[in-house]
Amino acid sequence: MKKLVAILVIVGLAGAAAGWILTVPRTLSKMQIADLPAGDPVNGELLFWAGGCASCHAAPGAKGDDKLLLGGGLKLETPFGVFVAPNISSDQEDGIGSWSKVDFANAMLTGTSPQGSHLYPAFPYTSYARMTLSDVTDLYAFMTFLPSVSGKAAAHELGFPFNIRRGLGLWKLLNLSSEPVVSAPAAGSDVDPDLWQRGRYLVEGPGHCGECHTPRDLMGGLDMSRWMSGAAAASGEGRVPGLDPESDIGSWSAADIAYYLESGFTPEYDSVGGEMVSVQENMARLPARDREAIAAYLKALPAADAN
Amino acid sequence: MRKLVLGMALVAVTSLGATSVIAADDPIEIRKSIMQSVGAAAGLGGGMMKGEIAYTPAAGKAVIAAMNSSANSFGSFFPEGSETGDTTASPKVWEDAAGFKAALAKFSEATGAAMAASGRGGPADADAFKAAMGPVFGSCKSCHQAFRVKK
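Below is a short write-up of the structure.

Calculation notes
Residues numbered from 1 in each chain as written. Chains lettered and ligands numbered in written order. Predicted model: local features only at pLDDT ≥ 70, side-chain atom pairs only at ≥ 80, totals over all residues. Core = buried A, V, L, I, M, F, W, Y, C linked by C-beta atoms within 7 Å. Buried ≥ 20, exposed ≤ 12 C-beta atoms within 10 Å, placed from the backbone. Helix = DSSP H or I, 4+ residues; strand = E, 2+ residues; numbered from the N terminus. Contact = placed C-beta atoms within 7 Å. Pairing = 2+ DSSP bridges. Axes fitted to C-alpha atoms, helices over the stretch in contact; angles between N-to-C directions. Parallel < 35°, antiparallel > 145°, perpendicular 65-115°, else oblique. Left-handed = near helix turned anticlockwise from the far one by under 90°. Nonpolar A, V, L, I, M, F, W, Y, C, P; charged D, E, K, R; others polar.

1. A closer look at the nonpolar core
And step 1. Core analysis: the largest hydrophobic core is formed by 82 residues, its most contacted members being M108, L109, I257 and I294 of chain A.
And step 2. No other element matches the eight residues that helix α6 (residues 126-147) of chain B contributes to this core.
And step 3. Among all residues touching I257 of chain A, those that are not within four sequence positions of it are I249, W252, A295 and L298 of chain A.

So this is what it looks like as structure tokens:
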């Protein structure tokens, strides 16, 4: 009996140790950090809009220059609880003004905070992880120029077990990857390879389109077998349309998609609505070529289950 | 016999009347039909702005007038109780009634100004039409952002 207890204790300890090791918040390697470039704020601004930072971190409904005031506060009501977008302005105390370039790159690419704990994936680092280090440091350079906004946003309201950040380590092992989602354009699609690559980068990386347009599994991870096939809205009610050729916008031409992202109007002249309004207004700030790239990628998406 | 015919005609008229009364009593159907008219007008207007459809002042005026009558009447068809059913109206229409009213006012102001700018015959050319329609098109998404839910 004593032996059994001892074995159980050892197994338990080993399990706990394995769990502890598996859930360790990971960060960038020393080699990656050594390679960090200086950062170009001009390209950083493009990534700021492509990445949709203001859609969650500026005040809800902010227009014009108010989109550069990143005090946070937007609430995302999800099945796991309420996530509140934090202050990511350049404020030293309440924002991320004290973060180093390495801190910022770790948050964006590994979902790990400067204090070494896991960030919740309501912050879509699962997509941002596909960004290049150089683009991330460009974004950092741009954001240091943005105004400081004082005041911390409210804390997340999460129930057990989602309030235990350490547990996210396992989730990240399953759901965090810097690999592209789609390996090649759909067979038979006649698309300029450079344009397609740029589109894939923008959609799968900074644009984080899949975070809303792809359904999630029970644990909140994206179901990659149904990439871009549309999903129930994660926050609020309604449905987010699919973007693959067999879904809601399958009949749109690439020019229709690019025009929608620029103007906010569908081919039938219905207007963009809901949370997509802010996304569309961000996309309208990109160079026309980038909107064409996004459209080219979407038109060449393989059927949802073919990935 | 004549009485019978008359009676049948009366029945036909009343039942016809009854169906149209049902439709008129259904605010969801009415506001949908108003938005269909806005959508069709936007299709014509947008086509002319893009140059896909040749611009004429009369067509320009028809677009603006359809938008204007819709903007002025649309808000009257959101009574309490019409939030459920086959509708894409967000619950916020009723929760934030003042905000919804303000969004509608923005739409009416834009269409009213476009009406005033278009004169008797309609905006003279495509550029004048674009200038008049810009704010009208701008008001679509600010309302759809907060007050419509796609299902």
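2. Here we look at the pairing of strand β1 (residues 75-78) of chain A
And step 1. Pairing of β1 of chain A with strand β2 (residues 81-84) of chain A, which is carried by four bridges, proceeds in the antiparallel orientation. Across the sheet, T78 of chain A pairs through a bridge with G81 of chain A, a residue of β2 of chain A.

3. Focus: the packing of helix α2 (residues 27-50) of chain B against α6 of chain B
All names here are of chain B.
And step 1. Following both chains from N to C, one finds α2 and α6 inclined at 130°, their axes separated by 10 Å at the closest point. One finds that α2 runs oblique with respect to α6. Considering how the two elements wind past one another, α2 and α6 form a crossing that is left-handed. When α2 is examined against α6, the residues G45, M48 and M49 are found in contact with a partner set consisting of A126, F129, K130 and M133.
And step 2. Classifying every residue of the contact of α2 with α6 gives five nonpolar, one polar and one charged.

4. Some words on the environment of R120 of chain B
All names here are of chain B.
And step 1. Here R120 is to be found in the loop between α5 (97-118) and α6.
And step 2. Using a count of 6 C-beta atoms within 10 Å as the deciding quantity, one classes R120 as exposed.
And step 3. Sequence-wise, R120 and H144 are 24 residues apart; in three dimensions their C-alpha atoms are separated by 31 Å.

5. Observations concerning helix α12 (residues 276-283) of chain A
And step 1. Counting buried positions along α12 of chain A gives seven out of eight residues, so the element sits mostly inside the fold.
And step 2. Residues of α12 of chain A that are buried include every one of M276, V277, S278, Q280, E281, N282 and M283 of chain A, and no others.
And step 3. Along its buried surface, α12 of chain A packs onto α3 (41-50), α4 (53-57), α11 (254-263) and α13 (288-299) of chain A together with α6 of chain B.

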